[in-house]
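Observations on the three-dimensional arrangement
Chain residues, written in single-letter form:
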Amino acid sequence: MGNVMSASFAPECTELKHEYDNCFNQWYSEKFLKGLSMENECSKQWYAYTTCVEAALVKQGIKPALDEARKEAPFESGGEPSDSK
Amino acid sequence: MRLFQNTQEFNYPWDQVTAANWRKYPNEVSTHVVAVDVLRRELDVSGTRLTSERLITCKQSIPKWLSTLIGSSNKSFVREVSVVDLNTKTLTLKSCNLTCAHLLKVYETVQYMPHHSDLNKTCFRQEAQITAYATISTLCNRIEEWSVKRFGENASKGRQGFDSVLQMLSTNWEQRDKLVDELSTKVAGTVDEIIITTDNLIKETELKSTSLISRYSKQIQRAFNFGN
């Protein structure tokens, strides 16, 4: 794994993503897994990254398919399809 | 609709496996995964349950005319929602393809939990449900829409293109069921095919647990790939 990190689907967001990932991975191992965190940290990096991603989702036309999938399998239910048979 | 299942064990503790889950791409096994993005991430009030929504981007190689037709580009996308629960010690990932979802949908659930007797091991369970939706008539309607839009008043040319597309489509459509069957056989046989070549955590987990959607993306694409 080392320092190699996955890119963003939008090249213009890759750097912001790496900054967020760095922060998140550390938080996850050092705090979350140890039960030491009461909040989702890295909010500064997150805000910058997600603003970039939101715009790119619209620009690249991915948003409609994503919205459809979100309706079908909501985040709130852990991605479980709401009409699962 | 078809269902698949697969179970595996990893020689690493659960918490390590879950940490690796966030950083497993890029890796040498799944080179088709070109990007991974986090779209939403929330921690519950107790601080023990982390829910994340990710967008996985894969390279895709389908004929250009077909991608125009079904409205996708050279990239395909998978949406994944995952929950890490420290109370139940489970990491559950649910994913579904966004690309070509009107033709074929693969709903996959993956779960990682500690081994019941050996805490240095992690159990992995994978389940997928594959549904093909499109019928020949819905595809024809799409082609018609596309050809009308594309060729506009140049009717004769449009008609010609439409005919050849239809011809190719009907020939290949008959093979679709066969291809979906082939895919199901392949998925079922996967467990036996896995050979552990390294004890590297990422590589091992990746070999065993690659998303069915991405692992079989070629076969899935083939089912709709009339060009070759």
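Attention in this report is confined to the structure presented alongside it. (Residues numbered from 1 in each chain as written. Chains lettered and ligands numbered in written order. Predicted model: local features only at pLDDT ≥ 70, side-chain atom pairs only at ≥ 80, totals over all residues. Heavy atoms only, no water.)

**Let's talk about the overall build of chain B**
What counts is decided by this rule: Comment: elements are numbered from the N terminus, with helices defined as DSSP H or I runs of at least four residues and strands as E runs of at least two. The criterion used for residue contact is that any of the two residues' heavy atoms lie within 4.5 Å. Surface exposure here means Shrake-Rupley accessible area, sampled with a 1.4 Å probe, where a residue is shielded only by the protein chains that are shown.
Check the secondary structure of chain B and you find eight helices and seven strands. For chain B, the proportion of contacts with a sequence separation of at least 24, taken over those separated by at least 6, is 61%. Split by element, the accessible area of chain B, about 10900 Å² in all, is 50% carbon and sulfur.

**Points about the pairing of strand β3 (residues 49-59) of chain B**
Residue and element names in this part refer to chain B. Our working definition: We call a residue buried when its accessible area falls under 20% of the maximum for its residue type, exposed when it is over 50%, and partly exposed in between, using a 1.4 Å probe and counting protein chains only. Two strands qualify as a pair provided that DSSP identifies no fewer than 2 bridges between them.
Taken across its eleven residues, β3 has nine buried, putting it largely inside the fold. Summarising the sheet, strand β2 (residues 33-43) and β3 pair through nine bridges and their orientation is antiparallel. Bridged to Val 36 within β3 is Ile 56. Linking β2 to β3, which pair antiparallel, is a turn of five residues; within it Gly 47 sits at a positive phi near 75°. The sheet contact formed by β3 and strand β4 (residues 75-85) spans eleven bridges and is antiparallel. Bridging across to β4, Arg 54 finds its partner in Glu 80.

**Concerning the pattern of salt bridges**
Close approach of charged atoms allows side chains of opposite charge to pair. Worth spelling out the cut-off: Salt bridge, as used here: a side-chain nitrogen of Lys or Arg that lies within 4 Å of a carboxyl oxygen of Asp or Glu.
This model, assessed by the stated rule, comprises 15 salt bridges over all chains. Note that Glu 41 of chain A is salt-bridged to Lys 31 of chain A, the shortest N-O span being 3.1 Å. One end of the pair, Glu 41 of chain A, is in the loop between α1 (14-32) and α2 (43-59); the other, Lys 31 of chain A, is in helix α1, and ten residues separate them in sequence. One salt bridge in this structure joins Arg 70 of chain A and Glu 53 of chain B, with 2.7 Å as the shortest N-O distance. Placement of Arg 70 of chain A in helix α3 (residues 63-72) and of Glu 53 of chain B in strand β3 is noted, with the two residues assigned to different chains. Residue classification places Arg 70 of chain A among the partly exposed positions, given a relative accessible area of 22%. Owing to a relative accessible area of 1%, Glu 53 of chain B belongs among the buried residues under this scheme. Salt bridges sharing partners connect three or more residues here, namely Lys 63, Asp 67 and Arg 70 of chain A together with Glu 53 and Arg 79 of chain B.

**A few points about unusual backbone geometry**
With a phi angle near 65°, Cys 42 of chain A is a residue other than glycine that sits in the positive phi range. As for its position among the elements, Cys 42 of chain A is in the loop between α1 and α2. In this structure Cys 42 of chain A comes out as buried when scored by relative accessible area, which is 7%. You will see that Lys 89 of chain B, though not glycine, has its phi angle at about 50°, which is positive. Structurally, the position occupied by Lys 89 of chain B is in the loop between β4 and β5 (90-97). Taking relative accessible area as the criterion, Lys 89 of chain B reaches 40% and is therefore assigned partly exposed.

**Some thoughts on the packing of aromatic side chains**
Heads up, the condition is: Paired rings are identified among Phe, Tyr and Trp, the last through its six-membered ring, by centres lying within 6.5 Å, and are further divided according to the angle between planes into stacked (under 30 degrees), edge-to-face (over 60) and tilted (the rest). A ring is scored as having a charge over it whenever the NZ atom of a lysine or the CZ atom of an arginine sits within 6 Å of its centre and within 35 degrees of its normal.
Applying the stated criterion across every chain, the model contains 14 aromatic pairs over all chains. Ring geometry for Trp 46 of chain A versus Tyr 49 of chain A: centroids 6.1 Å apart, planes at 75°, classification edge-to-face. With Trp 46 of chain A and Tyr 49 of chain A both in helix α2 and three residues apart, this pair spans about one turn of that helix. There is no split in this pair, since Trp 46 of chain A and Tyr 49 of chain A are both buried. Note on Phe 10 of chain B and Phe 124 of chain B: the rings are 5.8 Å apart at their centroids and 50° apart in plane angle, and the pair reads as tilted. On the criterion of sequence distance, the pair formed by Phe 10 of chain B in strand β1 (residues 2-10) and Phe 124 of chain B in strand β7 (residues 122-132) is long-range, its members being 114 residues apart. Residue Phe 124 of chain B is classed as buried on the basis of its relative accessible area of 1%. Grouping aromatic residues by their ring pairs yields a cluster made of Tyr 20, Phe 24, Trp 27, Tyr 28, Phe 32, Trp 46 and Tyr 49 of chain A together with Trp 22 of chain B. It is Arg 41 of chain B that lies over the ring of Phe 24 of chain A; its NZ or CZ is 3.5 Å from the centre.

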